[in-house]
Structure formats: C-alpha cells, structure tokens
Amino acid sequence: ILFGDHIDPHRKFVLQLFADDWGQYVDLPKGFAVGERCKLRLVPLQSQMTTLGTLTPSSTVFFCCDMQERFRPAIKYFGDIISVGQRLLQGARVLGIPVIVTEQYPKGLGSTVQEIDLTGAKLVLPKTKFSMVLPEVEAALAEIPGVRSVVLFGVETHVCIQQTALELIGRGLEVHIVADATSSRSMMDRMFALEVIFMI
C-alpha cells in the first residue's frame, strides 16, 4: 500500500490516521497496527532533515507548549514537568534566550499555570490547532537573526509537541525536546511520540 511510482523511497514520510475524536489527522508511531477500516495518509516531510548540534544561546529559542491549569489532573507527572519547565524558563531569562508560549483554547482550558513565570516571554499566544507553528510564531522567528535550534517542552507529547516538532524539523530547524518537561495523559502515548520524533 505504501509503494508505487509516486513514492520516493529516499524521502522521509510520516504516516497519519484520521482521528474522529480530534477531527483531523494525527501521526502514528512506527509499528502501529490498524485492526479496522480507517483513513490513512502519507505526509512527506518538507525538507532534508538536519542533525542535532550543540545549543548556543544566540541561535536558540525556547517553546513552552500548553502548560495549562485544566491539564493538571489529567497529565502524568504534571507537577514534575511544571518544575522542570520553570527552571528552563529561568535559564532562558539568564541566558537571554527568547521564549514563545502557547495556550490551547485558553477560554476553555485556562491560562498557563501560575508556577510557570512568563516574565519576559517574547510571545504568549492562544491557539486552536495542535502545532505551535502559528503565523505569529513564524513571524517572530523571522525577526530573530540566526535561529537554528528550538528547545521544546510542554503537553501533550503525542499531539501538540509532536506536531510542533515535525513542522519545525520540516522547516530545517533543530528541535531539542526536553523529555522530563514533556508528558501526556498516557505514558504509552508519550513513549511512542518521542520514538517517532527521534527516528527522524
């Protein structure tokens, strides 16, 4: 099903499944088995993948994704990821690294938790899609000269973090996901999402 003249075997693809619960396509981990009729699609990644390099403050941006109050009771180890996320933001302030923050539908899901200090954040934006790569975010990245790396953390690993990482990688940026500042409702979802991202 994945072969044919239109498939370039040397190009990277992501396999996606249409999720009725979300109303859109979501990525599947390698080896995922489908047991019933469903809608699948192959999505080519847009550009040659970059290898990870070392982080330099002058070429790095931090992305804090959807660390909101309504997720507190549902996300595994939420207290721990808040604590690590806060230390990351403190480090960003000390090093002068720009920080971009998103909040998923804040009217319904609340604002970023109080423990996360957003003082000095370059952008704090509401969103209603999974990826953090909004037009405002792309414009902000374009204003920062020499951006090469994004440090990404927040929730949920298998949805917003994964979609953000794939979009950024597709734009030629290095993406460093902070594993102990990233989680999901299910540890299996978290594990598979990180596996998919790190395979790229």
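Keep in mind the model is a prediction, meaning the values are calculated, not measured.

1. Comments concerning the overall build of the protein chain
On a plain count of helices and strands, the protein chain comes out with five helices and eight strands. Within the protein chain, the proportion of its 200 residues that are buried is 45%.

2. Concerning the confidence of the model for the protein chain
Atom-level detail of predicted coordinates should not be read off regions where pLDDT is low. Model confidence for the protein chain is summarised by a mean pLDDT of 85, while 82% of its residues fall at 70 or above. Note on residues 1-7: pLDDT under 50 across the span, and four contacts to partners over four residues away in sequence or across chains.

3. A few points about the sheet that holds strand 4 (residues 60-65)
On the basis of which strands lie adjacent, the open sheet formed by five strands has the order 6-5-4-7-8 and parallel pairing. Each having just a single partner strand, strand 6 (123-127) and strand 8 (174-183) make up the two edges of the open sheet. Taken pair by pair, the neighbouring strands of this sheet meet at an average axis angle of 20°, ignoring direction. In this sheet, strand 7 (residues 149-155) lies alongside strand 4 in parallel orientation, the contact comprising six bridges. From the neighbouring strand, Cys 64 faces strand 7, where its bridge partner is Phe 153. Together, strand 4, strand 5 (99-104) and strand 6 form the strand contacts of helix 3 (residues 135-143), whose direction differs from that of strand 6 by roughly 155°. Across the sheet, helix 4 (residues 157-170) is in contact with strand 4, strand 5, strand 6, strand 7 and strand 8; its angle to strand 7 comes to roughly 165°.

4. Side note on the pattern of salt bridges
Taken as a whole, this structure holds ten salt bridges when the rule is applied. With its nearest N and O atoms 3.3 Å apart, the salt bridge here joins Arg 171 to Glu 167. Of the residues examined, Arg 171 reaches a relative accessible area of 43% and is grouped as partly exposed.

5. As for the environment of Val 34
Considering the arrangement of structural elements, one finds Val 34 in the loop between strand 2 (24-27) and strand 3 (40-44). A sequence separation of 17 residues divides Val 34 from Leu 17, and the C-alpha atoms of the two residues are 9.5 Å apart.

6. Observations regarding helix 4
Counting buried positions along helix 4 yields twelve of 14 residues, so the element is predominantly enclosed. Regarding helix 4, the residues found buried are Thr 157, Val 159, Cys 160, Ile 161, Gln 162, Gln 163, Thr 164, Ala 165, Leu 166, Leu 168, Ile 169 and Gly 170. Among the residues trailing helix 4, Gly 172 stands out with phi positive, at a value near 85°.

7. Comments concerning a nonpolar patch on the surface
A cluster of nonpolar side chains, contributed by Phe 32, Val 34 and Leu 40, occupies part of the molecular surface with about 260 Å² of accessible area. As for its placement among the helices and strands, Phe 32 is situated in the loop between strand 2 and strand 3.

8. A short note on the state of the cysteines
Under the criterion given, the structure shown has zero disulfides. As a non-bridged cysteine, Cys 64 has Cys 65 as the owner of its nearest cysteine sulfur, 7.7 Å distant.

9. Topic: the nonpolar core
One finds Phe 63, Ile 100, Leu 141, Leu 152 and Leu 168 to be the most contacted residues of the largest nonpolar core, which totals 28 residues. Mapped by element, the contributors of at least two residues to this core are strand 4, helix 3, strand 7, helix 4 and strand 8. Looking at this core, the element that brings in the most residues is helix 4, giving six residues. Beyond its immediate sequence surroundings of up to four residues, Leu 168 is in contact with Phe 63, Val 133, Leu 141, Val 150, Leu 173 and Val 175. Counting residues in hydrophobic clusters, the runner-up holds 22 residues, among them Met 67, Val 84, Val 151 and Phe 153.

So, how was this worked out
Residues numbered from 1 in each chain as written. Predicted model: local features only at pLDDT ≥ 70, side-chain atom pairs only at ≥ 80, totals over all residues. Heavy atoms only, no water. Helix = DSSP H or I, 4+ residues; strand = E, 2+ residues; numbered from the N terminus. Buried < 20%, exposed > 50% of the residue type's maximum accessible area, 1.4 Å probe, protein only. pLDDT = per-residue confidence, 0-100. Contact = heavy atoms within 4.5 Å. Pairing = 2+ DSSP bridges. Axes fitted to C-alpha atoms, helices over the stretch in contact; angles between N-to-C directions. Salt bridge = Lys/Arg side-chain N within 4 Å of Asp/Glu carboxyl O. Patch = residues over 30% accessible without salt bridge, like charges linked within 9 Å, V, L, I, M, F, W, Y side chains within 5 Å. Areas by Shrake-Rupley, 256 points an atom, 1.4 Å probe, with all protein chains shown as cover. Disulfide = S-S within 2.5 Å. Core = buried A, V, L, I, M, F, W, Y, C linked by side-chain atoms within 4.5 Å.

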